[in-house]
Amino acid sequence: MIKYSPLFLATLLLPSICSAVDYSVRGYLSAKAGHYTSGETNESSGQNHRAQFEQESRVSPELVFVNQVRWSYSSLYTDLSTTPPTDPKDTHKIYPGDNYVKFKSSSWVMQAGYQEVAWGEAFGFNYADIVNPKDMKETFYSDYSDSRLPLLLVNFKYFFTDGSLQLIYSPEPKFSDTLPVNLFTKNILPQTTITTLKEHSPDFFKEKEYGGKLSKSFWGIDASAFYFNYLDRDATYVLQNATLTSVTLAEDHSRVSTTGVSLARTLYDNYVLRTDIVYTKNKRINSISGFNLISTPVNMTNFLVSLDTPTYNKFSAVLIFASSQLSEELTQAFREKEETYSIAKLSYDFGEEKMFDLSYTHQFKQNGHGVQSLLTWPVTSSLDLRLGAEIYWGDETSQLYKIKNVSNVFFGIKNYFQL
């Protein structure tokens, strides 16, 4: 028997109940096909397809219902993993998108339901974007709305002069969709087949997540301070069993708390300078100790500064410096104590929303490299074509080297519709 959410039924019935309701249906279909360039994948070609269907009912300016369903298929997990996926969601899934009711007045707005909360704006390394889990199979050039997975929230925001206060609460934690763990253990567990058992989301109200964000503008600076107490979106792993050639791991998501500050200021009327400082307490990191797999709680500090340049002769640029540092050194860990990156992104505007982006990412110390390019070409107001490439390389200890098998060239098409 098919079950429908009350919000879905309300959205369907509202147009017939009240002729004054402003009702709309829209969405998109997208397809992306790629060819891997590393030569070390299970398949030579990769597939990534998505669809979204959304209904919106505006009962009044103060009351809005949104119902959205998303579908996605990605072959990346099976393309890169050394073992078949243990969860069908590793390749394809249907899940709720934005499904909420919104109330608002002149001084506040409240949304209740599945939704996205976007904190931070940085390209590439958005350390402040901590609320929603992510689909880690998406890349820098994916739309944030594609990579974020909606979370069940009560989201209240109060506006005051030159600022706002946002409070959020979730009774149902969700976890990120990760890349195959064998990508990050090749230098630690070579020639070992790894099977991963997913951890399911806790039942309603068994685990609660809560936090808030205070934003204020002063002296030309847009400043915000935020806090979130939640189950870590990224998994650590517990050893279930092991042989000489295979290992079975179980995911574990521990409770962490994150505090951060974001600042943004416009310089000389054209340049935009942004800074994020994000501190996470009790984040667990896996490492190998003898023949055992352990996870150690450490504190993690992430720092980012970016500079957006104005457009000159149709060119614009973004320069980024990002650093992630653990409070202590862990031997044989899944990541280094300090990971520092720089990104230079250059964009050219052909006009009429036709854009070409080229970026270079460098990881210091571990000497990792990444190059991404993307050509976005709207054919009509409802049809976009995308052509691009991403290539990663470097020393074996680099995080960018570890995802070198993701390197590919791709072609994509995205069609929007409104009924």
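Residues numbered from 1 in each chain as written. Predicted model: local features only at pLDDT ≥ 70, side-chain atom pairs only at ≥ 80, totals over all residues. Heavy atoms only, no water.

(A) Spatial organisation of the overall build of the protein. Across its full length, the protein carries four helices and 22 strands. A globule of 419 residues ought to have a C-alpha radius of gyration of about 22 Å, and the protein, at 22 Å, matches this closely. Overall size of the protein, expressed as C-alpha extent along the three principal axes, is 70 × 60 × 40 Å. By element, 59% of the accessible surface of the protein is carried by carbon and sulfur atoms, the whole surface being about 20800 Å². Averaging the coordinates of the 38 positive side-chain charges in the protein and doing the same for the 45 negative ones gives two points 3 Å apart. (Helix = DSSP H or I, 4+ residues; strand = E, 2+ residues; numbered from the N terminus. Rg over C-alpha atoms; globule rule 2.2 N^0.38 Å. Areas by Shrake-Rupley, 256 points an atom, 1.4 Å probe, with all protein chains shown as cover. Lys, Arg positive; Asp, Glu negative; His and termini not counted. Charge placed at Lys NZ, Arg CZ, Asp CG, Glu CD.)

(B) Inspection of the environment of D90 at higher detail. Mapped onto the secondary structure, D90 falls in the loop between α2 (76-80) and β4 (92-96). By relative accessible area, D90 is classed as buried at 5%. In sequence terms D90 and S24 are 66 residues apart; their C-alpha atoms lie 32 Å from each other. (Buried < 20%, exposed > 50% of the residue type's maximum accessible area, 1.4 Å probe, protein only.)

(C) Representation of the pattern of salt bridges. Tallying each qualifying case throughout the model produces 19 salt bridges. The partner of R255 in a salt bridge is E207, with the nearest N and O atoms 3.0 Å apart. Of this pair, R255 sits in strand β14 (residues 255-267) while E207 sits in the loop between β9 (193-197) and β10 (209-218), and the two are 48 residues apart along the sequence. Several salt bridges converge on common partners, so that one network encompasses R70, E116, D129, K134 and R148. (Salt bridge = Lys/Arg side-chain N within 4 Å of Asp/Glu carboxyl O.)

(D) Looking closely at the side chain of N302. As for its position among the elements, N302 is in strand β16 (residues 292-308). What makes N302 buried here is its relative accessible area of 7%. Side chain to side chain, N302 and S324 meet in a polar contact 2.7 Å long. In this structure N302 touches Y127, D276, I277, V278, S323, S324 and Q325, once residues within four positions along its chain are discounted. (Polar contact = N/O pair within 3.5 Å; in protein donor to acceptor, adjacent residues only side chain to side chain. Contact = heavy atoms within 4.5 Å.)

(E) Up close: the pairing of β14. Relative to β14, strand β11 (residues 221-231) runs antiparallel, the two being bridged by 11 bridges. Pairing of I221 across the sheet is with R265, part of β14. A loop of three residues connects β14 with strand β15 (residues 271-289), the two strands running antiparallel in sequence, and Y268 in this loop sits at a positive phi of about 55°. (Pairing = 2+ DSSP bridges.)

(F) Here's a closer look at the sheet that holds β9. The strand order across the open sheet formed by three strands is β9-β13-β12, and the pairing between neighbours is mixed. The outermost strands of the open sheet, each flanked by one partner alone, are β9 and β12 (236-242). Across the sheet, the mean angle separating the axes of adjacent strands is 30° when strand polarity is ignored. As defined by bridge partners, β12 adjoins strand β13 (residues 246-252) across six bridges and the pair is classed as antiparallel. Paired with Y237 across the two strands is E251, which belongs to β13. (Axes fitted to C-alpha atoms, helices over the stretch in contact; angles between N-to-C directions.)

(G) The packing of aromatic side chains, seen in detail. On inspection of all chains with the given rule, the structure shows 11 aromatic pairs. Their ring planes at 55° and their centres at 4.7 Å tell us that F315 and Y348 sit as a pair that is tilted. With a gap of 33 residues between them, F315 in strand β17 (residues 315-326) and Y348 in strand β18 (residues 338-351) connect regions that are remote in the sequence. Given a relative accessible area of 41%, F315 falls into the partly exposed group. Taking the relative accessible area as the measure of exposure, Y348 reaches 23% and is therefore partly exposed. Through pairs of rings, three or more aromatic residues link up here, namely W119, F226, F228 and Y230. Directly above the ring of F410 sits K32, whose terminal nitrogen or CZ lies 4.3 Å from the centroid. The cationic tip of K414 hangs over the ring face of Y28; the distance from NZ or CZ to the ring centre is 4.2 Å. (Phe/Tyr/Trp six-rings, centres within 6.5 Å; stacked < 30°, edge-to-face > 60°. Lys NZ or Arg CZ within 6 Å of the ring centre and 35° of its normal.)

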